[in-house]
Amino acid sequence: MTKWTVDQSHSTVGFEVKHMMVSKVKGQFDGYTATVEAADLTDLTTASIAFDFDVTSLNTHSVDRDNHLKSADFFDVENFSNITFQSTAIVKKGDDYKVTGDLTIKDVTKPVTFDVEFGGKGTNPWGVEVYGFEAEAKINREEFGLTWNTTLETGGVLVGKDIKILVEMQVNPAS
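Residues numbered from 1 in each chain as written. Predicted model: local features only at pLDDT ≥ 70, side-chain atom pairs only at ≥ 80, totals over all residues. Heavy atoms only, no water.

**Q** Mind laying out the overall build of the chain, listing which residues take part and the relevant values?
**A** A count of helices and strands for the chain gives one helix and eleven strands. From first element to last, N terminus to C terminus, the chain shows the α and β order β-β-β-β-β-β-α-β-β-β-β-β. Whereas a compact globule of 175 residues would reach a radius of gyration of roughly 16 Å, the chain reaches 17 Å, a difference of no more than 12%. The dimensions of the chain, computed from C-alpha atoms along their principal axes, are 55 × 30 × 30 Å. Per-residue burial over the chain gives 41% buried out of 175 residues. Carbon together with sulfur atoms contributes 48% to the accessible area of the chain, which is approximately 9,500 Å² in total. Distance between charge centres in the chain, computed from 16 positive and 27 negative side chains, equals 5 Å. (Helix = DSSP H or I, 4+ residues; strand = E, 2+ residues; numbered from the N terminus. Rg over C-alpha atoms; globule rule 2.2 N^0.38 Å. Buried < 20%, exposed > 50% of the residue type's maximum accessible area, 1.4 Å probe, protein only. Areas by Shrake-Rupley, 256 points an atom, 1.4 Å probe, with all protein chains shown as cover. Lys, Arg positive; Asp, Glu negative; His and termini not counted. Charge placed at Lys NZ, Arg CZ, Asp CG, Glu CD.)

**Q** Describe in detail the side chain of threonine 60, supporting the description with residues and values.
**A** Counting through the fold element by element, threonine 60 comes out in the loop between strand 6 (58–59) and helix 1 (63–70). Engagement of the side chain of threonine 60 in a polar contact is seen with the side chain of arginine 65, the distance being 2.9 Å. In this structure the side chain of threonine 60 is engaged in a polar contact, spanning 2.4 Å, whose partner is the side chain of aspartate 66. Excluding residues within four positions of it along the chain, threonine 60 makes contact with Phe15, Val25, Lys26, Gly27, Arg65, Asp66 and Leu69. (Polar contact = N/O pair within 3.5 Å; in protein donor to acceptor, adjacent residues only side chain to side chain. Contact = heavy atoms within 4.5 Å.)

**Q** Any details on the pairing of strand 11 (residues 159–173)? Residues and values, ideally.
**A** Where strand 1 (residues 2–6) meets strand 11, three bridges bridge the pair, whose relative direction is antiparallel. Its bridge partner being in strand 11, tryptophan 4 is matched across the sheet by proline 173. Of the strand pairs in this sheet, strand 2 (residues 12–19) and strand 11 are connected by seven bridges, and their pairing is antiparallel. Looking across to strand 11, one finds that histidine 19 is bridged to valine 159. Strand direction decides the pairing type here: strand 10 (residues 129–140) and strand 11, joined by ten bridges, are antiparallel. Looking across to strand 11, one finds that glycine 132 is bridged to glutamine 170. (Pairing = 2+ DSSP bridges.)

Written out as structure tokens, the structure reads:
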């Protein structure tokens with residue numbers, strides 16, 4: 001098994017959620033670590049994948065919103081400063097994959113499946129082999145204890161319950 005790390009300068013871990021039932025708010029975690037161990041990255045079925053997101057690094061480009069998301073109303077970073085994911089099963093579907101694993105937010109762990117697309121492999125200008133992947137999953141935030149909301153005059157809610165998690169990553173050999 002070869003160990004790979006996510007190249008953070010060429011990767012993004014983001015999310016999006018409906019706002020006021022009419023638009024989407026997008027954000028990302030600026031701080032995270034991730035490792036991939038695999039016999040062959042052209043066949044992810046041999047891999048073990050782990051992510052650790054630093055929730056204090058959450059960034060939606062609005063300081064007030066970020067502070068609210070970090071508060072006890074949502075992520076409660078004083079008590080739960082990390083979100084983790086550990087793969088448990090990887091199935092190949094054509095050229096793509098279904099990567100299932102345990103996602104832990106706050107003190108709740110649930111299985112989540114990411115749809116993963118292999119972006120290809122290449123060699124960077126320094127002669128290092130790199131691989132690219134895109135992954136997407138949808139979760140119900142309320143199932144992870146993120147239940148804060150408020151009702152709008154129009155009858156909708158301020159924050160949608162479905163969160164789309166979006167990962168674009170380039171992995172490099174671990175040094």
